[in-house]
Structures are given as C-alpha cells and as structure tokens.
Amino acid sequence: MTAATRELLPEAVGGYAQRLHAAIGEAHHIASPLGAWLVLALAGGAARGPEADRLGAVLGMPTVDAAVFARELLDNPHPAVAAAAAAWATAPGPSSPAADWLAGLPAAVAKGPVPSQAEADAWAREHTYGLIDRFPIDTGGGWLCVLASALATRISWSPAFDTTSSEVFRSAWRDRVRSVLRTPERGHECAIARHPEVGDVALHRAHADGLTVTSVIAAPEASPCDVLGAAHDIARGRVDRYSLFDLALGDGTAWTVTESTGEDRTERVAAVLPAWSATSEHNLNAPSLGFADAAAVLGRLFDAPEWEAVQAATARYHRTGFEAAAVTAVAARMSFRPPKRGRRRDALLRFDRPYAVVATATSREPSPWSGLPVFSAWVTEPDEVVRE
C-alpha cells in the first residue's frame, strides 16, 4: 500500500467521526469512530450491489478498499493502540457465502461459536486493559452472528502537565473543581488558529510515544459537531496558525494575549485545561451510521434479520497521561429469537467550557495507523486533578 493510498484512511475515518458524533449529540461523551468503522469494514467485505454502495458511502471509500485497510490495521498492530476483532457465528454450511466470508476475514480476527456472556465479557476485558468490563451486547440472546472490535490505549505524556488553581478559569467550571492542568514550559503544543468552518480556535496537543491528543475550543456559538469536525481536521494538520503579533491584545475567543518588553521579539503560548473522564454507551442504530446495512449483510449470510449494534467506550485524561478503550459490536439473529527585537507576546488559552478532543496514532515508520484518529470526545464535565 502506497503512502498516498494510506492518506485516504484518516480522511475516511474522520468523515465517519462526524457522522457518529452528530448521531450521539451534545452530551459529554467518549467514542471510537475507528472502532465502529472497523466493524463496518469487516462486514462490508461481503456486501454486494446496493448494500456495498451504501456502506461504501458511509465508510468513505469502496467496501473492497475498506476491507483491505481493516486487514492492514489488524495485521500490523500499533505499539500504542491495542486492537482486536472477533467474528463469532453458528457454524455455516461448507462452501456457503457465510463460510466464504468468515474464511476471508483477516487472520487476526478471532473466530468460533458465539460465546457466553461471561466469555464475551472476558474478551472485552482482555483486549481493553480491563477498562471495559462488560461486552456491550448480551451474547445469550440467541444471536447467530456477532462481529466486534476492541481498541484500547494507555499512554503517558512527555512531559506531564503541571497543575494550577481553577481560579484561572473564567467560566462556571472554576467552581466545579479546585485545580486544573497547566502546560509545562516545553513539550506541549499550544496555538491560536483559524479554521474555515468554525473561525478562530485555541488548540492544545499533548504527545506520548505513539499517540497525540489534540484539544480544540471554539466560540460558544459553534455547534459541537462542527467543533469536533474542526478538531479532526486540525489533528490531521489542516490549520492556519496565527502569530500572536497578528492578534489584538486582550481577551479573545478562549484566550488572553498580553505584551511586555523583552530582549527579543518572541511568542509564548500556554494552556489550562481540566482533567476529565467519560464512560459512554452508544446505540448505533441511526441510519446514517451504516450498521443497518452491515446487519443486512450479516442477515443475508446467516438468515438472521433481527439485529443490534452498540459501542461501549471509556476514557480518562489526567495529569500524567491518557487512557481509553472501546468495544463495538453488531449482532444478528432470527426474528423469533429474543526574530525581531524589542517585544514579547504571551497568550493563555483557557479550555473552560465545552470543547473537542481527538486522539491520533503516530508512527516513526510508514504504517497504516499513521495519522489515524482512534478516539474522540466532547468534553462538558471537568474532573478534579488527582496527583498520580
């Protein structure tokens, strides 16, 4: 797979993220667009005709290409992102379309009969560092086929955040927590930028080995879906950054710019953010998410028209690192079964009202994971900072 071809995948998953977050809505939540996309791509390998066309539109590429990407991701695991998939089903007849589909799935996909709930729960725990304790679908419900993905990460910032009093916030969040995170002198990225859809934004990036987490805050009137879309664009490097010397002094959308006399014409930007955590469960039945078409594929293969699709996700963003996990599943069953000198400018960015977060995989070597958004969140509830 060429580098140019690989660049299509972050674009496709970013597009799917906008569909997913639009369906979830404006509540505080964490999700894995990639986890859902992977399940659709695995099911799409058996799609035909109109099914394939509809799924391809949702996946952002033809289903045959999406299946190739899914294989690449599962066969080439990322060191910072644990990834697993399973296709559990009643034994299909030999040489049947269902048997052919199962045989054509990547070798990394676990196969076998539909497990008990205890076995499925154990699979979820094993592949999410124990962050997800229960498989999101009741596997004892007479399902003939269950297709699932699991993604998880647990990383440490380099370097960790400092902490400061929440008095630095200017919103009601200052009364909800006593302390917040503050960027260290070096090692984190902070900037004020312009996005074509949502206007001026503040952005912060924290780095770890193999993962970058980008936070983006826009004007209060910008919709969560638009800000999340902008965050995915910015995570892929699509942003025009301002020089502080091009901005007005004083308060802006989510920042304050000041000026003082210094030895050199320099710029320095810091940020303050809350710690946060989220645990979510998302029903994936909305038509825009593609699972109805994926379920139709499974229903045709296994003669099982009734279906369910769910994602369970959890995340924690804290002083020393970030951890997140998601399990996504779709199941089908029979219907009858249950340098100038002289001035210096500084800016302080305040993430003190709802904002977007995107966690993106990075790699030093060519990899299908490079630039891929793995988790994304809409943050509306700050947490107290805990000393790790």
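Residues numbered from 1 in each chain as written. Predicted model: local features only at pLDDT ≥ 70, side-chain atom pairs only at ≥ 80, totals over all residues. Heavy atoms only, no water.

**Here we look at the side chain of T128**
Summarising the element assignment, T128 is placed in the loop between α7 (117-126) and β4 (143-156). Since its relative accessible area comes to 0%, T128 is described here as buried. For T128, the contacting residues outside a window of four places in its chain are A150, L151, A152, A325, A326 and V327. (Helix = DSSP H or I, 4+ residues; strand = E, 2+ residues; numbered from the N terminus. Buried < 20%, exposed > 50% of the residue type's maximum accessible area, 1.4 Å probe, protein only. Contact = heavy atoms within 4.5 Å.)

**Re the layout of surface pockets**
Approximately 320 Å³ is the volume attributed to the largest pocket. P184, E185, R268, V269 and A270 are, among the 14 residues lining the largest pocket, the residues nearest its centre. When contributions to the lining of the largest pocket are tallied by element, the ones reaching two or more residues are β13 (266-273) and β17 (343-350). The residue makeup of the lining of the largest pocket, split by class, is six nonpolar, three polar and five charged. (1 Å grid on protein atoms, 1.4 Å probe; cavity = no way out; pocket = protein on both sides within 12 Å on 5 of 7 lines; lining within 4 Å. Points joined across faces, edges and corners; volume = space filled by probe spheres on them. Nonpolar A, V, L, I, M, F, W, Y, C, P; charged D, E, K, R; others polar.)

**A short note on the nonpolar core**
By size, the foremost hydrophobic cluster in this structure holds 105 residues, and its most contacted members are W37, W101, W276, F291, F302, Y317 and F322. When residues in this core are grouped by element, the largest group, nine residues, is from helix α3 (residues 33-44). Leave out the neighbours within four places in its chain, and F302 touches A89, T90, A98, W101, L102, L144 and C145. (Core = buried A, V, L, I, M, F, W, Y, C linked by side-chain atoms within 4.5 Å.)

**Observations regarding the environment of R344**
Along the chain, R344 falls in strand β17. Among the residues examined, R344 registers a relative accessible area of 28% and is labelled partly exposed. Apart from residues lying up to four places away in sequence, R344 is in contact with F245, T258, E259, S260, G262, D264, T266 and R268. A polar contact is formed between the side chain of R344 and the side chain of D346, at a distance of 3.1 Å. (Polar contact = N/O pair within 3.5 Å; in protein donor to acceptor, adjacent residues only side chain to side chain.)

**A short note on the sheet that holds strand β5 (residues 162-165)**
If you trace the six strands from one edge of the open sheet to the other, you get β5-β6-β13-β17-β12-β11, paired in mixed fashion. A single partner strand is all that each edge strand has here, and the edge strands are β5 and β11 (250-251). As defined by bridge partners, β11 adjoins strand β12 (residues 255-261) across two bridges and the pair is classed as antiparallel. The partner of G250 across the bridge, within β12, is V257. (Pairing = 2+ DSSP bridges.)

**Looking at unusual backbone geometry**
Put simply, S158 and P159 share a cis peptide bond, and its omega is 0°. Structurally, the position occupied by P159 is in the loop between β4 and β5. With a phi angle near 55°, Y129 is a residue other than glycine that sits in the positive phi range. Examined against the element boundaries, Y129 turns out to sit in the loop between α7 and β4. Phi at D303 is positive, roughly 50°, even though this residue is not glycine. Its location among the elements puts D303 in the loop between α9 (291-302) and β15 (306-317). For D303, a relative accessible area of 52% gives the class exposed.

**Structural notes on the pattern of salt bridges**
Across all of its chains, the model carries 18 salt bridges by this definition. The closest approach of N and O atoms between R236 and E11, which form a salt bridge, is 3.9 Å. Residue R236 is located in the loop between α8 (224-235) and β10 (240-241), and its partner E11 is located in helix α2 (residues 8-24); the two are separated by 225 residues in the primary sequence. Close ionic contact of D200 with R194 constitutes a salt bridge, the shortest N to O distance being 3.2 Å. According to the relative accessible area criterion, D200 is partly exposed, its value standing at 21%. Ionic contacts of the salt-bridge type, sharing partners, join the residues E11, D233, R236 and R238 into one network. (Salt bridge = Lys/Arg side-chain N within 4 Å of Asp/Glu carboxyl O.)

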